[in-house]
Amino acid sequence: MIRNLANLTLAFGLLGNFVSFMVLISPLPTFYKVYKKKSTEGFQSVPYVVALFNAMLWIYYASLKTNAMLIITINSVGCFVQTCYICFFLFYTPKKARMESMKLIVLLNVVGFGLIVVLTKFLVSDVNRGIIVGWLCLVFSVCVFLAPLGVLRQVIKTKSVEFMPLLLSVALTISAIIWFFYGLLLHDVNIAIPNILGFTFGIVQLILYFIYKNKKPVMAKNMVDFEEKICEIEKEKIPEPEEHNTINVVQLSALICSDILPVVAALNKIGHEDDCATVGTLPAGRFEPNHCIEVAA
C-alpha cells in the first residue's frame, strides 16, 4: 500500500513536471508576436517577474525538505525560462515600462528574496525554517495565480481575449489539478492549497475566453464609430450645389443701352437747342464754340 502510494506520488510528480514545462513554454506564441511587431503592446512583465520569484522560493523550500527533487527540477527550469522571458520583454518594451519592470525585479527578486534567505537562515531555527518558508511559498504561489487578474480586467474592459492566450489558461488549469493531487499525496498543504485557487482562476479564464472570443473589441468598435462621425461632419461642411440663374451679359448690355441711350439723346438735343439760342444773342466778334455730342439712338 505504501509502495503503491509512493509510485502514485512519483507519477503525479513526473506528470506535474511535464505539464508545468508546457506551462512554461506556453507564452512562446505571445513572445513570437512581440518579436514580429517589435513591441510588447498591452503585455505586462508582472506575471513573469512574480513567477521567477516564486520559482526561486520553491527551490529554497525544496532544499529544506527531503524527497523534493521533482520540485527542484521543474523550478530550476522555471527560473531559466522566466529569466529569458523577462530579458526578451525588457528588450522590446518602451523605456518607461522597462524602468518599472527593472524596479520590480530589484525589489522582489533581489532585495525580497535576499531578505527571506538571510532572515530565515540566521533568525529562525532549523525546525521552524521549513514551516515559515513553506507558508511564504504558499502566499506567493497564490500571488502567481492572482497575477493574471490584471489581464482578466483588461479582457472584460476591452471585450477582447487578444492578451489572454488560450493555451496558457488551459495549461495552468491542468497543472493546478496535478500539483494539487501531488501535494495531497505528500500531505503537504503548502503545495495543495495554492493549486485549489489556481484551478479556480484557470476555470474563470477559460469561461471569459469563450465569452469574449467572438466579441468585437471595444477599441475597434469605438474607432469605427469615430470614423463614421468624422464622415458625417465632413459631409455637413461641404455645401450641396444650388441652382443659380445664369445672367446673359450680352442681353444685359442691350437692355441697359435701350434704357439709357434714349435719355442721353434727349439730353443732347435739349443742350443743342440752348447752345444755338445763345449763339444768336452773342455780340458781334465774339463767338464761343460749343461742342454738342450727339449719340445715335
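In short, a report on the structure. (Residues numbered from 1 in each chain as written. Predicted model: local features only at pLDDT ≥ 70, side-chain atom pairs only at ≥ 80, totals over all residues. Heavy atoms only, no water.)

1. Quick look at the overall build of the chain
In step 1: The secondary structure content of the chain amounts to 11 helices and zero strands.
In step 2: Ordered by position in the sequence, the α and β elements of the chain form the string α-α-α-α-α-α-α-α-α-α-α.
In step 3: Counting all 297 residues of the chain, 33% fall into the buried class.
In step 4: When the accessible surface of the chain is summed, it comes to about 19,600 Å², and 70% of that surface belongs to carbon and sulfur atoms. (Helix = DSSP H or I, 4+ residues; strand = E, 2+ residues; numbered from the N terminus. Buried < 20%, exposed > 50% of the residue type's maximum accessible area, 1.4 Å probe, protein only. Areas by Shrake-Rupley, 256 points an atom, 1.4 Å probe, with all protein chains shown as cover.)

2. Examining empty space enclosed by the protein
In step 1: Applying the stated criterion across every chain, the model contains two cavities of 30 Å³ or more.
In step 2: The computed volume of the second largest cavity comes to approximately 40 Å³.
In step 3: Looking at the second largest cavity, the residues that line it are T30, F31, V34, F43, Q44, Y48 and F89.
In step 4: Sorting elements by how many residues they give to the lining of the second largest cavity places helix α2 (residues 28-37) first, with three residues.
In step 5: Of the residues that constitute the lining of the second largest cavity, the class distribution is five nonpolar, two polar and no charged. (1 Å grid on protein atoms, 1.4 Å probe; cavity = no way out; pocket = protein on both sides within 12 Å on 5 of 7 lines; lining within 4 Å. Points joined across faces, edges and corners; volume = space filled by probe spheres on them. Nonpolar A, V, L, I, M, F, W, Y, C, P; charged D, E, K, R; others polar.)

3. Examining the packing of aromatic side chains
In step 1: Considering all chains together, one arrives at 15 aromatic pairs under this definition.
In step 2: Ring centres of W179 and Y182 lie 5.1 Å apart, and the angle between their planes is 90°; on these two criteria the pair is classed as edge-to-face. Here Y182 and W179 lie together in helix α8 (residues 166-186), a separation of three residues that amounts to about one turn. Summarising the burial analysis for this pair, W179 and Y182 share the class buried.
In step 3: Among the aromatic side chains, those forming a connected cluster through ring pairs are F31, Y35, Y48, Y85, F88, F91 and Y92. (Phe/Tyr/Trp six-rings, centres within 6.5 Å; stacked < 30°, edge-to-face > 60°.)

4. Considerations on the environment of I177
In step 1: Note on placement: I177 falls in helix α8.
In step 2: As for I177 and F199, which are separated by 22 residues in sequence, their C-alpha atoms are 6.3 Å apart.

5. Comments concerning unusual backbone geometry
In step 1: Its identity as a non-glycine residue notwithstanding, N67 has a phi of 55°, on the positive side.
In step 2: Along the chain, N67 falls in the loop between α3 (46-63) and α4 (69-92).
In step 3: Phi is positive for H187, which is not a glycine, with a value near 60°.
In step 4: Within the secondary structure, H187 sits in the loop between α8 and α9 (189-212).

6. Focus: the pattern of salt bridges
In step 1: In the structure shown here, the tally under the stated rule is two salt bridges.
In step 2: The residue K65 makes a salt bridge to D188 at a minimum N-O spacing of 3.9 Å. Of this pair, K65 sits in the loop between α3 and α4 while D188 sits in the loop between α8 and α9, and the two are 123 residues apart along the sequence.
In step 3: Relative accessible area serves as the criterion here: at 8%, D188 is assigned to the buried category.
In step 4: The partner of R129 in a salt bridge is D126, and the shortest N-O contact between them spans 2.8 Å. Residue R129 and its partner D126 are located together in helix α6 (residues 126-146), separated by three residues, close to a single helical turn.
In step 5: Overall, R129 belongs to the buried group, its relative accessible area being 9%.
In step 6: For D126, a relative accessible area of 61% puts it in the exposed group. (Salt bridge = Lys/Arg side-chain N within 4 Å of Asp/Glu carboxyl O.)

7. Section: the environment of G78
In step 1: In this fold, G78 is placed in helix α4.
In step 2: When neighbours within four sequence positions are excluded, G78 is seen to be in contact with L24 and A55. (Contact = heavy atoms within 4.5 Å.)

8. Quick look at the nonpolar core
In step 1: Of all hydrophobic cores here, the largest spans 33 residues; its most connected members are I71 and I86.
In step 2: Those elements that place two or more of their residues in this core are α3, α4, α5 (95-122), α6 and α8.
In step 3: Of all the elements, α3 adds the most residues to this core, at 12 residues.
In step 4: Ignoring any residue separated from it by four or fewer positions in sequence, one finds I71 in contact with W58, A62, W179, Y182 and I191.
In step 5: Ranked by size, the runner-up nonpolar core spans nine residues in total, among them V155, V161, F201 and Y209. (Core = buried A, V, L, I, M, F, W, Y, C linked by side-chain atoms within 4.5 Å.)

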